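What the coordinates show
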Amino acid sequence: MYIEFDQSRPLDVIPIGRATVDLNPVDYNRSLEESTTFKKYVGGSPANIAVGLARLGKKVGFIGMVSDDRFGDYVTHYFANEGIDTSGICRAKHGEKMGLTFTEILSPTQSSILMYRNQAADLMLTTDDVSEDYIASAKAVVISGTALSQSPSREAVLKALEYAKKNKTVVIFDIDYRPYNWKSNDEMAIYYSLVGRQSDLILGSREEFDLMEGLIARGSSDQETAARWIGYGNRIVIIKHGKEGSTAYTCDGQSFAIKPFPVKSLKGFGGGDGYASAFIYSILEGKPVIEALEFGSASAAMLIASHACSADMPSVEAIEAFIKAEKEEYGEMIARG
Ligand SMILES: Nc1ncnc2c1ncn2[C@@H]1O[C@H](COP(=O)(O)OP(=O)(O)OP(=O)(O)O)[C@@H](O)[C@H]1O
Ligand SMILES: O=C(O)C[C@@H](O)[C@H](O)C(=O)CO
């Protein structure tokens, strides 16, 4: 077992960061300009991961600020209906608005997201909104990098990190690069690496690791990157390469690579959140890394093939059935790195 979790804790995971609203086009495979009808979902990578983990049967909390309006009600009620503890959700105090993400699905392989995040409520989370007892009640916290992009959210997350380290709550860092809200790449590198040096598990795409290493290394290979962050104390480092697949590097020097599950994609986003929730579920269950990779990749593929992110997060049974069907059709998907 690469990561030990304190099984006596009432909560499994507390994601920290944004909950927003996704507006995905119903009339897709055309430009955003041409789309006229949109379907509303809860969004925001940490919120998607929270829903994903809840759908997988985990006891999930959340730390984040939502707008003090009907969208804030919508997200909070949606979480409650999914069985997510909402005691760590607070309401914006000065009229800050919910982040909105309009997505464009140009084709099954071309998507983009348009984020409206001026005065975003999630970035107004303060250190007063972070409870040590709450952090100490969970086996793990998930820190999403965008929450580090602006104050006071930045300091709130760093306080949560301090509390997690003090109380031996496992720190999972999803780098979560969204260019919006960051002032510079240097700033990104400083705060990403501040967290990455103290986390236990890092998930990120190659591009996200390059940004995190922007001040300390250029053009590192995956092996060099993994060795670097394992050297700082991470037990597992996952580097994702989109439709090329992903590799997990572990602190005992092993690596495990997996190819993506072939799937008829509908959109190009959402895979990372499905991947993260199913991988985290698997390591909480004590599954071997290779099985956790498979679960994460399967959930990611299912999300790529679906219209929503949060609303389409699969159950354990659904992922198992998907993997079974894929293996029957394509054979073993896993290649040890
Ligand atoms: N076209 C695809 N078909 C099948 N699986 C895919 C495809 N694209 C991505 N995936 C799966 O999704 C995982 C995560 O995708 P990606 O590497 O793009 O992460 P990400 O950028 O964090 O995702 P997101 O777009 O959700 O932010 C990949 O490692 C892979 O397993
Ligand atoms: O992470 C975001 O803020 C965008 C999400 O709301 C959206 O669901 C997505 O792109 C997930 O990867």
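Residues numbered from 1 in each chain as written. Chains lettered and ligands numbered in written order. Predicted model: local features only at pLDDT ≥ 70, side-chain atom pairs only at ≥ 80, totals over all residues. Heavy atoms only, no water.

Some remarks on the layout of surface pockets
Here is the rule: With a 1 Å grid laid over protein atoms only, a set of points is called a cavity when a 1.4 Å probe fits there but cannot get out and a pocket when it is open yet has protein on both sides within 12 Å along at least five of seven lines; lining residues have an atom within 4 Å of a point. Grid points are joined across faces, edges and corners, and a volume is the space filled by probe spheres set on the points. Helix and strand labels come from DSSP, where a helix needs a run of H or I of at least four residues and a strand needs a run of E of at least two; each type is numbered from the N terminus. For this classification, the nonpolar set comprises Ala, Val, Leu, Ile, Met, Phe, Trp, Tyr, Cys and Pro, the charged set comprises Asp, Glu, Lys and Arg, and every other residue, Gly included, is treated as polar.
In this model, the largest pocket occupies a volume close to 1300 Å³. If you go around the largest pocket, you meet 46 residues; those closest to its centre are Gly268, Phe269, Gly271, Gly272 and Ile304. Secondary structure elements with two or more residues in the lining of the largest pocket: strand E2 (20-25), helix H1 (45-55), strand E6 (100-107), strand E7 (110-116), helix H6 (206-212), helix H8 (271-284) and helix H9 (289-304). Counted by class, the lining of the largest pocket contains 14 nonpolar, 21 polar and 11 charged residues.

A short note on the pairing of strand E11 (residues 236-240)
The condition that has to hold: For each residue, the accessible area found with a 1.4 Å probe, counting protein chains only, is set against the maximum for its type, and the residue is called buried under 20%, exposed over 50%, and partly exposed in between. We call two strands paired when DSSP finds no fewer than two bridges between them.
Counting buried residues in E11 gives five out of five residues, a clear majority hidden from the surface. The side-chain alternation of E11 yields two buried faces, one formed by Ile236, Ile238 and Lys240 and the other by Val237 and Ile239. Two elements, strand E10 (residues 201-205) and E11, share five bridges in a ladder whose sense is parallel. Across the sheet, residue Ile202 finds its bridge partner in E11, namely Val237. In this sheet, strand E12 (residues 246-250) lies alongside E11 in antiparallel orientation, the contact comprising five bridges. Within the sheet, the bridge partner assigned to Val237 lies in E12 and is Tyr249. The loop that links E11 with its antiparallel partner E12 comprises five residues; one of these, Gly242, has a positive phi angle of about 55°.

Things to note about the packing of aromatic side chains
The geometry of two aromatic rings is summed up by the distance between their centres and the angle between their planes. Applied cut-off: Geometry of aromatic contacts follows a simple scheme: Phe, Tyr and Trp rings, the Trp one being its six-membered ring, pair when their centres are within 6.5 Å, and the pair is stacked under 30 degrees between planes, edge-to-face over 60, tilted otherwise.
Within this structure, the stated rule accounts for nine aromatic pairs. Taking 6.3 Å as the distance between ring centres and 55° as the angle between the ring planes, the aromatic pair formed by Tyr74 and Tyr78 counts as tilted. Remark: Tyr78 and Tyr74 occur in helix H2 (residues 70-81); sequence separation between them is four residues, near one turn of the helix. The exposure classification of Tyr74 matches that of Tyr78, with both residues buried. Where Tyr281 meets Phe295, the ring centres are 5.7 Å apart and the plane angle is 20°; that geometry is what we call stacked. Placement of the pair is Tyr281 in helix H8 and Phe295 in helix H9, with a sequence separation of 14 residues. Here Tyr281 matches Phe295 in class, with each residue buried. One aromatic cluster is present, formed by Phe38, Phe102 and Tyr116 through successive ring pairs.

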